[in-house]
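Geometric and topological summary
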Amino acid sequence: MGSSLLSTLLLLLVGALLARLTATRLARWAVPAIVLELLVGFLLGNSVLPFSSIAPLAGLTELGVLTLFFMVGLEVRGGLLGSRPAAVLRTVLLSALTPLLAWWPLQQGFGLSTASTVLCVAVLSATGTGVTLRALGQASALNTPSGRLLVGVSVLDDLPAIALLTLAVALGAAPGATSPYPALLLPALALGLVLLSLPASSWWLRRYGPWRPGLLGVLLLLIGCSWIGEMGRLTSLLGALWGGVLLSRLAPMPEGSAEASDLRSNLALLSEVFLPLYFISVGMRIQAGTLLQPAAWALALSLLLLAIGCKLICALGISRQDQAAGIDRWVVVFGLIPRGLPGLVFASTALASGVITPAQFSALVLMVSCTTVLGLLLLGRRLAALASP
């Protein structure tokens, strides 16, 4: 069994390496490694390595995702609003509310259940923060007015989307219950624990001072909070996000300090190692047969058009005063189009919870892949046009 597990892990790592090397050659076409890793996973899952064979590695593949959301939680503070808080809040509000317009067309046009519709709205609301930040960094645009506003919007954008994911999972689990109260009891207890932890962390700081955990302490907080979120049916993603917020309160670190740099380096290493394995595992879940169903492609096309339209409306959040301050509204809009990691995580979580069908999962993955490539391509060209004299 050990030999079989090692063979599986080796095959996954080789697949991830090939995807990364190919992505380097296709960089000018804005094809990120995430799309190629999905393709590698699809080919493996429908040939020599079915998804069921990597069940023992499921926890490891998710560690990279939880680490990334933990890092987002570390950044959730007032600084995200920057010098244009009104523009950030307006854009986040538009990004969160506009997808609700897709509710009726999706439910009536494709016969989706309430839980499935909420999940689709959550994916439409999300933003692929990781790929967007990487594109800004490569163009040296992170510290521009447009880049700073986009960072704030993309991070805060995922908070209402995670809440919708939590609601979709709860609704998907509720039909089997004879009463809604037992189904809501665990989420209510977990949410109460989250809310109580905020004043408790302030009390700890006053009583004992800042906490200085080692890497093991950080991992225990990350995994412990993720476990509470999963057991409380708030999803492990929300638990990981909560863990990051808690750490930023219990162990405040000055920006640019050696402690902060070491922590980010360690967390980034975990993400770099385990995220490719997660993307490959998502691709392995796509059943080849679902791609032969016209309904899956029709849903994917509809979701793609809705995904682009919802983010284009976010341009209304950038006023003339914001543009006069140096903010380019199209940099912000194009940077919000990629759904990236959050979209894939939401779809995988919903599939594992029985909220969506395999065909709907395939449609969501297709939409996420297309928006990621299209958004990065548009963002790269816009940044290049602004940089040219």
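Residues numbered from 1 in each chain as written. Predicted model: local features only at pLDDT ≥ 70, side-chain atom pairs only at ≥ 80, totals over all residues. Heavy atoms only, no water.

1. What about the environment of Gly59?
Here Gly59 is to be found in helix α3 (residues 58-75). On the basis of relative accessibility, which here comes to 52%, the residue Gly59 falls in the exposed class. (Helix = DSSP H or I, 4+ residues; strand = E, 2+ residues; numbered from the N terminus. Buried < 20%, exposed > 50% of the residue type's maximum accessible area, 1.4 Å probe, protein only.)

2. A word on the packing of helix α15 (residues 329-336) against helix α17 (residues 358-387)
The geometry of α15 relative to α17 is characterised by a closest axis approach of 8 Å and an angle of 160° between their N-to-C directions. By the angle class used here, α15 and α17 are roughly antiparallel. Crossing of α15 against α17: the hand is left-handed. For the pair α15 and α17, contact is made by Trp330, Val331, Phe334 and Gly335 and by Gly375, Leu378, Leu379, Arg382, Leu383 and Leu386, respectively. (Axes fitted to C-alpha atoms, helices over the stretch in contact; angles between N-to-C directions. Parallel < 35°, antiparallel > 145°, perpendicular 65-115°, else oblique. Left-handed = near helix turned anticlockwise from the far one by under 90°. Contact = heavy atoms within 4.5 Å.)

3. A short note on the packing of aromatic side chains
This model, assessed by the stated rule, comprises 4 aromatic pairs. Members of the aromatic cluster, connected to one another through ring pairs, are Trp203, Trp204 and Tyr208. (Phe/Tyr/Trp six-rings, centres within 6.5 Å; stacked < 30°, edge-to-face > 60°.)

4. What to know about the pattern of salt bridges
Here the idea is simple: oppositely charged side chains can pair when their charged atoms come close. Under the definition given, this model contains 3 salt bridges. Here Lys311 and Asp157 are joined by a salt bridge, their closest N and O atoms 3.1 Å apart. With Lys311 in helix α13 (residues 294-313) and Asp157 in helix α8 (residues 145-173), this residue pair connects regions lying 154 residues apart in the sequence. Since its relative accessible area comes to 0%, Lys311 is described here as buried. Of the charged contacts in the structure, one is a salt bridge between Arg382 and Asp328, with a shortest N-O distance of 2.6 Å. Of this pair, Arg382 sits in helix α17 while Asp328 sits in the loop between α14 (320-324) and α15, and the two are 54 residues apart along the sequence. With relative accessibility at 27%, the residue Arg382 sits in the partly exposed group. (Salt bridge = Lys/Arg side-chain N within 4 Å of Asp/Glu carboxyl O.)

5. Describing helix α4 (residues 85-97)
Taking 1.5 Å per residue as the helical rise, α4 with its 13 residues ought to reach 18 Å, and the 18 Å between its terminal C-alpha atoms agrees with that figure. Among all positions of α4, only Ala87, Val88, Thr91, Val92, Ser95 and Ala96 are buried. End-on, the buried residues of α4 take up no more than an arc of 155°, which puts them together on one face. (Expected span 1.5 Å × (residues − 1). Arc of directions from axis to C-beta.)

6. Considerations on the packing of helix α2 (residues 33-45) against α17
The N-to-C vectors of α2 and α17 enclose an angle of 150°; their axes lie 9 Å apart at closest approach. As the angle between them shows, α2 and α17 are arranged roughly antiparallel. Considering how the two elements wind past one another, α2 and α17 form a crossing that is left-handed. Contacts between α2 and α17 involve Ile34, Val35 and Leu38 from the first element and Val365, Ser369, Thr372 and Val373 from the second. Of the residues assigned to the contact of α2 with α17, the class counts are 5 nonpolar, 2 polar and no charged. (Nonpolar A, V, L, I, M, F, W, Y, C, P; charged D, E, K, R; others polar.)

7. What to know about α15
Note: α-helices contain 3.6 residues per turn, so residues at a spacing of three or four share the same orientation. For α15, the buried fraction is high: 6 of the 8 residues fall into the buried class. What α15 keeps buried is the set Val331, Val332, Val333, Phe334, Gly335 and Leu336. Taking the backbone nitrogen of Trp330 as reference, a side-chain oxygen 3.1 Å away marks Asp328 as the first, capping residue of α15. (Polar contact = N/O pair within 3.5 Å; in protein donor to acceptor, adjacent residues only side chain to side chain.)

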